[in-house]
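An overview of the molecular structure
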Amino acid sequence: MIDYEGDKDKIYSINGRGEAFADVLARRLNRRGLLKSAAAASALAVTGPRLVPAPAAAQGTPTAGAAVGKLAFAPISLDEGSELVVAEGHRATAFLRWGEPLFADAPDFDPEAQTPESQAKQFGYNCDWMGFFPLPQGSDASDHGLLVVNHEYTNPELMFPGYLSPNPEYSPPASDDAPPDVPEFLTNPTQEIVDTELEAHGLSVVEIRRDETGEWQIVRDSEYNRRLTATTPMEATGPAAGTDLLKTSADATGTRISGTLNNCAGGVTPWGTVVTGEENFQQYFANLGQLAEDDPIRVAHDRFGIEEGSSERRWEEFHDRFDLTKEPNEPFRYGWGVEFDPYDPESVPKKRTALGRAKHEGHTSFVAPGGQVAIYSGDDERFEYAYKFVTTGSYDENDRAANMDLLDEGTLYVAKFNEDGTGEWLPLVAGEGELTEANGFPTQAEVVVNARFAADAVGATKMDRPEDFETNPVTGKVYLVCTNNSRRQLEETDAANPRPQNLGGHIIEITETGDDHAATTFNWEIFILAGDPAQGSTHFAGFDTDEVSPIASPDNITFDVDGNLWISTDGLGNTLAGNDGLFVVPTEGEERGFVRQFFSSVPGAEVSGPVFTPDNTSLFASIQHPAEGSSYEEPTIRWPDGGDAPVRPSVVVIQAADATARVGTGGAV
Ligand code: FEO
Ligand code: CA
Ligand code: CA
């Protein structure tokens, strides 16, 4: 989503104050990191980075003398065009489009006649995070599996003819800087449109198979295919389940919830389930201003930014549950990590309240040496926190059923980053420290429902929009992606958020003490300060900033089998002249910090949810909200179909020219 305020030249001059910003950076960066970076830089001065691969490697085939696993493609440049661009030797294909029929009896996509019933059987809108689940279950197949896809939100102005109409009272403002008195367009939601939007949210589970020519195909009559939407029955479990806070007039049990909303980033558990994060759920609710000002429910909802009056979507006009004057508790039923089993189409998704309530991203997990499972999650809002949940029970790799409710018992922690490069995981436990009844936390239910207030109370570190938060499967190090924060003032900077008006975003690298992901302490350093390298406020693990691809607003991350970090961006164009894209950076060795751009998307879109097949021969990525900012009648682009078709958010699959070669590196695993 767009998050840009102000003039970037001005912001860089505030940042920079000439040479002074370098001093700020040097002071704020972890000293060990700088020393290590200096050593790497001097090694490179001798050997030099491999800027351009051998030609054969760029074609996606192994090169004599080039170790498999080294990145082997020439970086592309920033691009603002209307077509996908991918590194030479690769191809990117739009694969799963909004409206794609997923069942044998699903109707074909018809943009002029979408209904709730048709949308419930088709691929949803605004694809985001993805997980690849091999078939058969338990295998490491890379040519057959289930693709699980989040559908974060809807853009009704791009989905439905006539949703926007000109406002007769509008007149252009006197200057470009002045906001208009009234909006230029009016919105026209109807019951049919709103109910179709509800079915376009949620997730899709889609069986896919790579054919003998290397092309991926959808298995339309698969028994696994499933849509989860904003109306699918779900269950609340854990400390908040069944408490008064979660009860509504439709659900006296406080456990039966209708659907999931704003599913952004997610994760896969070691036992092969999905944990999808509910992010900006506040946007669906209305009329906060009609609750009493001292009502604790109002205070709780205000922290998430629910509208005082009507919501922009106006769903409250069609469904009481979105109107706080009728159902003040309904927002407490969103903002959770939701777990379900993609291999069981009958499984009831469970909102795991023990993991805390936030604008969740992530939920990636790692098994600690003691067998406990650590789950990491960001809370994507300016000045919010980074969380870790550690299960009480241990993962049993030989008994899948025994793992299925592990996420209901454990300890929720929030991160505190110290100036000296150490850090602490502060427990959020009712009755401990500041989390007393007198402070508003009589039971763990209040702690998890109001995890943000609990994190305030224990003194956690306020971050620059923490989004994805993932563990490198090769090294065990954990990476926290802070996408940006235009509002941080100089006096609000700290070691872990060192940049005022942080438009470029940054990535923090965490090493858990003793490489134990259940540890309560860690060390950290800043891995990347993104932005225009020419502007002088960037840092790439000490790598020469002249050599790297410009990158800004990192959002989602994933890792290849060598532990290289793949980064998708959201909002790069607010800082640099380019569409959002995919970038890759080694995390270890002589090329640590050497960012290369691999892929460029289309205007208006963010790139999200990158995921590899186990053998790295296919890389899936979501092209979310293409043409955002325009309308159904006049879209800025009509990607991917062209002609008269509406623009359609779609999953792309990226493969090497030789479909059996690895993406980005060539060779075979
Ligand atoms: Fe849905 Fe924070 O991106
Ligand atoms: Ca995201
Ligand atoms: Ca985002």
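This text follows the structure it describes.
Residues numbered from 1 in each chain as written. Chains lettered and ligands numbered in written order. Predicted model: local features only at pLDDT ≥ 70, side-chain atom pairs only at ≥ 80, totals over all residues. Heavy atoms only, no water.

1. Focus on the overall build of the protein
- In terms of regular secondary structure, the protein is built from 11 helices and 34 strands.
- In the protein, 65% of the contacts between residues at least 6 apart in sequence involve partners at least 24 apart.
- Carbon and sulfur atoms provide 49% of the accessible area of the protein, an area that totals close to 23900 Å². (Helix = DSSP H or I, 4+ residues; strand = E, 2+ residues; numbered from the N terminus. Contact = heavy atoms within 4.5 Å. Areas by Shrake-Rupley, 256 points an atom, 1.4 Å probe, with all protein chains shown as cover.)

2. Focus: helix α7 (residues 191-200)
- Within α7, 8 of the 10 residues are buried, which leaves it mostly tucked inside the rest of the structure.
- Among the residues of α7, I193, V194, D195, T196, E197, L198, E199 and A200 are the ones counted as buried.
- In this structure, the buried residues of α7 make contact with α5 (116-119), β4 (144-151), α6 (156-159), β7 (202-210) and β9 (226-228).
- Two residues or fewer after α7 comes G202, characterised by a positive phi angle close to 100°. (Buried < 20%, exposed > 50% of the residue type's maximum accessible area, 1.4 Å probe, protein only.)

3. A look at the coordination of the calcium ion (ligand 2)
- The protein atoms donating to the calcium ion (ligand 2) are C264 (SG), E361 (OE), E361 (OE), E467 (OE), D555 (OD) and D555 (OD), with metal-donor distances spanning 2.6 to 3.2 Å.
- Counting the intervening residues between successive donors of the calcium ion (ligand 2) yields the motif C-x96-E-x105-E-x87-D. (Donors = N, O, S within 2.8 Å, 3.2 Å for Na, K, Ca; no water.)

4. A few points about the nonpolar core
- Of all hydrophobic cores here, the largest spans 34 residues; its most connected members are W566, F598, F599, L619, I623 and I654.
- For this core, the secondary-structure elements that each account for two or more residues are α6, α7, β30 (581-585), β31 (596-600), β32 (606-612), β33 (618-624) and β34 (650-656).
- Among the nonpolar cores identified, the runner-up in size contains 26 residues, and A236, F281, W315 and A445 belong to it. (Core = buried A, V, L, I, M, F, W, Y, C linked by side-chain atoms within 4.5 Å.)

5. Quick word on the pattern of salt bridges
- Here the structure, examined in full by the defined rule, presents 35 salt bridges.
- D341 is the salt-bridge partner of R400, the closest N and O atoms lying 2.9 Å from each other. Note that R400 is positioned in helix α9 (residues 400-403) and D341 in the loop between β14 (337-340) and β15 (350-352), a separation of 59 residues in sequence.
- One salt-bridge network, in which partners are shared between bridges, spans R303, K359, D379, E381, E384, R452, D456 and K462. (Salt bridge = Lys/Arg side-chain N within 4 Å of Asp/Glu carboxyl O.)

6. A word on the pairing of β33
- For β33, a buried count of 7 out of 7 residues is recorded, marking the element as mostly surrounded by other parts of the structure.
- Of the two faces of β33, the one carrying S618, F620, S622 and Q624 and the one carrying L619, A621 and I623 are both buried.
- Here β32 runs beside β33; their pairing, made up of 5 bridges, is antiparallel. Following the sheet pairing, V611 is matched in β33 by F620.
- Connecting β32 to the next strand, β33, in antiparallel fashion are 5 residues, including N616 with a positive phi near 65°.
- Where β33 and β34 come together, 6 bridges link them in antiparallel fashion. Residue S622 lies in a different strand from β34, and its bridge partner there is V651. (Pairing = 2+ DSSP bridges.)

7. What to know about the sheet that holds β34
- Taken in spatial order, the 4 strands make up an open sheet running β2-β34-β33-β32, and their pairing is antiparallel. In this open sheet, the two strands that pair with only one neighbour each are β2 (90-97) and β32. In this sheet, neighbouring strand axes are inclined to one another by 25° on average, regardless of whether the strands run parallel or antiparallel. (Axes fitted to C-alpha atoms, helices over the stretch in contact; angles between N-to-C directions.)

8. Section: the coordination of the calcium ion (ligand 3)
- The coordination sphere of the calcium ion (ligand 3), as far as protein atoms go, consists of E467 (OE), D555 (OD) and D570 (OD), spread over 2.2 to 3.0 Å.
- All donors of the calcium ion (ligand 3) belong to a single chain; written as a sequence motif, their spacing is E-x87-D-x14-D.
- The metal-metal distance between the calcium ion (ligand 3) and the calcium ion (ligand 2) is 3.2 Å, with E467 coordinating both. Taken as a pair, E467 in strand β23 (residues 466-471) and D570 in the loop between β29 (565-569) and β30 lie far apart in primary sequence, 103 residues in all.
- On the accessibility criterion, D570 (8% relative accessible area) is buried.

9. Section: the sheet that holds β29
- Strand order in the open sheet made by the 5 strands is β1-β31-β30-β29-β28, with antiparallel pairing throughout. Of all strands in the sheet, those with a lone pairing partner are β1 (85-86) and β28 (554-559), marking the two edges.
- Both β29 and β30 contribute to a ladder of 4 bridges, which runs antiparallel. The residue bridging I567 from the neighbouring strand is F583, located in β30.

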